[in-house]
Amino acid sequence: MFSIGSFSLGTLFGILLTVILNHFLAKSRDKENSQSQARRVAGIQLQESFADALNAVDPHIVDVEDAYTVLSRSFKEHSKAIRLFRPHLSEKEREEFDKAWKEYYCYEDEEIPFLEQYSSHIGSHELYLENCRLARERIERILSFAET
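Presented here is an overview of the structure given in this document. (Residues numbered from 1 in each chain as written. Predicted model: local features only at pLDDT ≥ 70, side-chain atom pairs only at ≥ 80, totals over all residues. Heavy atoms only, no water.)

We now examine the overall build of the chain. In terms of regular secondary structure, the chain is built from six helices and two strands. For the chain, the succession of helices and strands along the chain, N to C, is β-β-α-α-α-α-α-α. The buried share of the chain, taken over its 148 residues, is 28%. Residue pairs in contact within the chain that sit at least 24 positions apart in sequence constitute 63% of those at least 6 positions apart. Surface summary for the chain: the accessible area is close to 10,200 Å², and the carbon and sulfur share equals 56%. (Helix = DSSP H or I, 4+ residues; strand = E, 2+ residues; numbered from the N terminus. Buried < 20%, exposed > 50% of the residue type's maximum accessible area, 1.4 Å probe, protein only. Contact = heavy atoms within 4.5 Å. Areas by Shrake-Rupley, 256 points an atom, 1.4 Å probe, with all protein chains shown as cover.)

On to the pattern of salt bridges, then. Pairing of side chains with opposite charge becomes possible as their charged atoms draw close. For the structure shown, the criterion picks out five salt bridges. Notably, a salt bridge pairs E93 with R39, separated by 3.4 Å at the nearest N-O pair. On the criterion of sequence distance, the pair formed by E93 in helix α5 (residues 91–105) and R39 in helix α1 (residues 9–49) is long-range, its members being 54 residues apart. Judged by relative accessible area, E93 falls into the partly exposed class, the value being 28%. The residue R133 makes a salt bridge to E130 at a minimum N-O spacing of 2.2 Å. Of this pair, R133 and E130 both sit in helix α6 (residues 125–144), separated by three residues, roughly a single helical turn. Taken together, the salt bridges that share partners define one network made up of E130, R133 and E137. (Salt bridge = Lys/Arg side-chain N within 4 Å of Asp/Glu carboxyl O.)

In structure tokens, the structure reads:
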């Protein structure tokens, strides 16, 4: 058996293998932590982008603007936050996230925005309150993906 001092070749090989394995595990852990941090930051940005929208569809908060006005004005900001957050999701999460986003801003499976449904100028006050409740549920569903 080959040995250097009190170390055998097997011991040296074991030490070298342990060092290499620890290196790769540390790199993997750092990458995972970095991705997790990036998802948290994108999630916070997503939540912040919808803060005004949640207030706009809350019937307890009286505002001079109706929900449609606030939602349509912040639609570009919402779209940007959606695009920035989406890559941080798994494929399965992404499908559900896309579905939740489309349900929020589209009219019955069409690809056109239909935020008008959240307007106080369409239908009765009860219908408006129901649509605000629906919008709130849809926004909260989108934001649920950002919770960690």
